[in-house]
Amino acid sequence: MPAGLPSLSAALLSLLLVPAVAFADQADYDEVSRLLRAGNPAGALTRAESYLQSNERDPQMLFLRGVALQDARRSTEAMAAYTALTQAYPELAEPYNNLAVLKADEGRLDEALALLQQALRVRPNYAAALDNLGDVHARLALRAWRDSQALDPALRVRNTAKQARVSEALK
């Protein structure tokens, strides 16, 4: 038997195993996503963390873990998870977007704006980031109108109608 055949057989076997691993990963992703959709972030987090014990650098599962933390209202941990993802995988737009949502929820609109702009640099046609960018711009406008009224109370009449329309749109 030629010397190259055992390694060729091993290579063919490993190629045959790749789809099985991909299916196993997909089943895990699907289960975590199902748990999230069912409103069970604790279950999703348990399943994600179990998977990550043997696949600690899997960006998709790391992201789903962040979503589970976010859905469980563990914002500080979710922000840390998304920040780590932006550093390890700067080419992914989703962690920037989700981190921006959390920052905006805290009123950190300038940070949220920068994160959404980064998400759109990575993926210019990312609809969720564009939608969230619109919300952040609207909240920045509300802040600017409030600030302008503090400086010049005469602007209150002019800004009240705009503020009402934008506030209503954000509901």
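Look above for the structure.
Residues numbered from 1 in each chain as written. Predicted model: local features only at pLDDT ≥ 70, side-chain atom pairs only at ≥ 80, totals over all residues. Heavy atoms only, no water.

Here we take up the overall build of the protein. A count of helices and strands for the protein gives 8 helices and 0 strands. In the protein, the succession of helices and strands from N to C terminus is α-α-α-α-α-α-α-α. Buried positions account for 35% of the 171 residues belonging to the protein. The long-range fraction of contacts in the protein, counting pairs at least 24 apart against all pairs at least 6 apart in sequence, stands at 45%. Of the accessible surface of the protein, which amounts to about 10300 Å², a share of 58% is contributed by carbon and sulfur atoms. (Helix = DSSP H or I, 4+ residues; strand = E, 2+ residues; numbered from the N terminus. Buried < 20%, exposed > 50% of the residue type's maximum accessible area, 1.4 Å probe, protein only. Contact = heavy atoms within 4.5 Å. Areas by Shrake-Rupley, 256 points an atom, 1.4 Å probe, with all protein chains shown as cover.)

Formed by 39 residues in total, the largest nonpolar core has its most connected members in Val32, Leu36, Met61, Tyr82 and Val136. Secondary structure elements with two or more residues in this core: α1 (4-37), α2 (41-52), α3 (59-71), α4 (75-88), α5 (94-105), α6 (109-122) and α7 (127-151). For this core, the element with the most residues is α6, which contributes 7 residues. If we skip the residues at most four places from it in the chain, Leu36 touches Pro41, Ala44, Leu64, Val67, Ala68 and Asp71. (Core = buried A, V, L, I, M, F, W, Y, C linked by side-chain atoms within 4.5 Å.)

Relative orientation of the contacting elements α6 and α7 amounts to 155°, with a least axis distance of 10 Å. When the axis of α6 is compared with that of α7, the two are roughly antiparallel. At the point where α6 passes α7, the crossing takes the left-handed sense. Here Leu109, Asp110, Ala112, Leu113, Leu116, Ala119 and Leu120 of α6 come into contact with α7, specifically with Ala129, Leu130, Asn132, Leu133, Val136, His137, Arg139, Leu140 and Arg143. When the residues that make up the contact of α6 with α7 are grouped by side-chain class, the tally is 11 nonpolar, 2 polar and 3 charged. (Axes fitted to C-alpha atoms, helices over the stretch in contact; angles between N-to-C directions. Parallel < 35°, antiparallel > 145°, perpendicular 65-115°, else oblique. Left-handed = near helix turned anticlockwise from the far one by under 90°. Nonpolar A, V, L, I, M, F, W, Y, C, P; charged D, E, K, R; others polar.)

Attention now goes to α5. In this model α5 runs 17 Å from its N-terminal to its C-terminal C-alpha over 12 residues, within 8% of the 16 Å that 1.5 Å per residue would give. Within α5, 9 of the 12 residues are buried, which leaves the element mostly enclosed by the surrounding structure. Every buried residue of α5 is listed here: Pro95, Tyr96, Asn97, Asn98, Leu99, Ala100, Leu102, Lys103 and Ala104. Just beyond α5, the residue with positive phi is Gly107, at close to 85°. (Expected span 1.5 Å × (residues − 1).)

With a phi angle near 65°, Arg73 is a residue other than glycine that sits in the positive phi range. Positionally, Arg73 belongs in the loop between α3 and α4. For Arg73, a relative accessible area of 73% gives the class exposed.

A few words now on the packing of aromatic side chains. Enumeration over the complete set of coordinates arrives at 2 aromatic pairs. Measuring from centroid to centroid gives 5.8 Å for Phe63 and Tyr82, while their planes differ by 40°, and the two rings are tilted. Here Phe63, found in helix α3, pairs with Tyr82, found in helix α4; they are 19 residues apart in sequence, far enough to count as distant. The pair formed by Phe63 and Tyr82 is uniform in burial state, with each residue classed as buried. Cation over ring: Arg123 sits above Tyr126, and NZ or CZ is 4.1 Å from the ring centre. (Phe/Tyr/Trp six-rings, centres within 6.5 Å; stacked < 30°, edge-to-face > 60°. Lys NZ or Arg CZ within 6 Å of the ring centre and 35° of its normal.)

Per the counting criterion, the structure on display carries 10 salt bridges. When the shortest N-O distance is used, the salt bridge between Arg108 and Glu111 registers 2.9 Å. With a relative accessible area of 31%, Arg108 lands in the partly exposed category. It is possible to trace a salt-bridge network through shared partners that takes in Lys103, Glu106, Arg108 and Glu111. (Salt bridge = Lys/Arg side-chain N within 4 Å of Asp/Glu carboxyl O.)

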